[in-house]
Amino acid sequence: MPSSRREFMKAAALTGALAVSGRLLEGEAGAATPPIDKDLDGVIEMHVHADPDVRARCIDQLTLTRQCKQNGYRGIMYKCHDFITNDIAYLLRATVPGIEVFGGIALNRNYGDTVNVQAAKMATQVTGHYCRCIWMPTYQSAFDMRKKGGGVPVLDAQGKVLPEVVKVMEICADADIIFATGHSSPDECVLLTAKAKEVGVKKAVVTHASQAPWKLSMDQAKACIDNGAYLEHSVLPYFKGPHAVIPGYREQPQVTMEEFASYIALAPAVHQHGPRAGAQPQPRRRDAHVHHRSAQGRGEGRRAERRYPEDPGHAAGAGLAFRRAGDHKVCKGAPAPGRIRRMYL
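Quick caveat: nothing in here was measured; it's all calculated off a predicted structure.

(A) Representation of the overall build of the chain in the model. What the chain contains, in helices and strands, is 11 helices and 9 strands. Scored against the burial criterion, the 345 residues of the chain give a buried share of 56%. Restricting to contacts in the chain with at least 6 residues of sequence separation, those with at least 24 account for 77%. When the accessible surface of the chain is split by element, carbon and sulfur atoms take 55% of a total near 14,000 Å².

(B) Fine view of the environment of Thr-63. Residue position: Thr-63 is located in helix α3 (residues 61–70). A sequence separation of 12 residues divides Thr-63 from Asp-51, and the C-alpha atoms of the two residues are 9.6 Å apart.

(C) Summary view of the pairing of strand β1 (residues 44–48). Most of β1 sits inside the fold, with 5 of its 5 residues counted as buried. With 3 bridges joining them, β1 and strand β2 (residues 75–78) adopt parallel strand pairing. Bridge assignment links Glu-45 to a residue of β2, and that residue is Ile-76. Taken together, β1, α3 and β2 form a β-α-β motif whose crossover is right-handed.

(D) A look at unusual backbone geometry. With an omega dihedral of 5°, the bond running from Asp-51 to Pro-52 counts as a cis peptide bond. Along the chain, the position of Pro-52 falls in the loop between β1 and α3. Residue Ala-212 is joined to Pro-213 through a cis peptide bond whose omega torsion reads 5°. For Pro-213, the location among the structural elements is in the loop between β6 (204–206) and α8 (218–226). Residues other than glycine seldom take positive phi values, yet His-129 does so here, at roughly 55°. With relative accessibility at 48%, the residue His-129 sits in the partly exposed group.

(E) Representation of the packing of helix α6 (residues 163–175) against helix α7 (residues 186–199) in the model. The geometry of α6 relative to α7 is characterised by a closest axis approach of 10 Å and an angle of 50° between their N-to-C directions. Considered as vectors, α6 and α7 are oriented oblique to each other. The chirality of how α6 crosses α7 is right-handed. Only Leu-192, Lys-195, Ala-196 and Val-199 of α7 make contact with α6, whose side of the interface consists of Val-165, Val-166, Met-169 and Glu-170. Counted by class, the contact of α6 with α7 contains 6 nonpolar, no polar and 2 charged residues.

(F) The sheet that holds strand β7 (residues 230–231), seen in detail. Spatially, the 7 strands line up as an open sheet ordered β1-β2-β3-β4-β5-β6-β7, and their pairing is parallel. In this open sheet, the two edge strands, each paired with only one partner strand, are β1 and β7. Pairing of strand β4 (residues 131–135) with strand β5 (residues 178–180) involves 3 bridges; the strand directions are parallel. Each residue of the ladder has a partner; that of Trp-135, found in β5, is Ala-180.

(G) Looking closely at the nonpolar core. One finds Leu-107, Ile-134, Val-165, Val-168 and Phe-179 to be the most contacted residues of the largest nonpolar core, which totals 39 residues. Residue assignment for this core shows that the elements contributing at least two residues are α5 (117–123), β4, α6, α7, β6 and α8. By size, the runner-up hydrophobic cluster in this structure holds 29 residues, among which are Ile-44, Ile-88, Val-96 and Tyr-230.

Definitions and cut-offs
- Residues numbered from 1 in each chain as written.
- Predicted model: local features only at pLDDT ≥ 70, side-chain atom pairs only at ≥ 80, totals over all residues.
- Heavy atoms only, no water.
- Helix = DSSP H or I, 4+ residues; strand = E, 2+ residues; numbered from the N terminus.
- Buried < 20%, exposed > 50% of the residue type's maximum accessible area, 1.4 Å probe, protein only.
- Contact = heavy atoms within 4.5 Å.
- Areas by Shrake-Rupley, 256 points an atom, 1.4 Å probe, with all protein chains shown as cover.
- Pairing = 2+ DSSP bridges.
- Right-handed = clockwise from strand over helix to strand, strands pointing away.
- Axes fitted to C-alpha atoms, helices over the stretch in contact; angles between N-to-C directions.
- Parallel < 35°, antiparallel > 145°, perpendicular 65-115°, else oblique.
- Left-handed = near helix turned anticlockwise from the far one by under 90°.
- Nonpolar A, V, L, I, M, F, W, Y, C, P; charged D, E, K, R; others polar.
- Core = buried A, V, L, I, M, F, W, Y, C linked by side-chain atoms within 4.5 Å.

Written out as structure tokens, the structure reads:
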């Protein structure tokens, strides 16, 4: 497994050349991958952390992309807290044909002490144009670093959305890609989604809306939905509590499936069960407001996505497929810890 980003890029380029010549070897991935879980067929993993990264992950992007393809995934989008991922997405598409690969950028301190508009703009212009999401600061957000100080802010001292954040929203609106709240506080998420709606962002996402410490109250969740945003739910807090496999999670509160369902119940009209990939493309739906994410594991793993009946050709908003996380088929069937997500790409 490549131990650095540079080594991974070299390995991916070499493997891509083999793919072009028709000599790509897929035996290793096949040997490590279980039979296709029909619940994963045609889904899109929308937010996954994998090597190369600055912190250890349980799997690398090349291996995971191969496994996703062999499990019937339509696509996958990689995330890194510190670097763009759409550059490697370009190489992975050449290396593993037959699956769509996307990336994005999280605007943490690696790009400066304030939200870096130029970094966001340039990310959308990288070869292939596979940047599909711009996340506000995550682990280095002002909210996450509120005790230490020095986090990257999204609001000014008066509680107004900062001009540079608005400019990033405009970039997302113009490129028709996802604007995600990252690790903003619940109150910040309400303000950010309201401003995103005002700016004209069609794909705003509240990141892990039901997971502490970013957990929205039901009133805040409803406000974000009314602002046109998708809510992203991680199953990770379901695996917390006394039964947790990871010792550090045993003292943290569990979020039950009933509580996840209560969030979904806030906007039942947009919970639809769409067709599989391969149906005839139809006009894109723009008024879907809830984005559901289910997760097992700490950011390394998989997420899946379902489409609306009127939008089978694009990744879409929430659907009744959320129940798939409830019976844990994704969590048990995936080679790596799993997540379920849906959103327009």
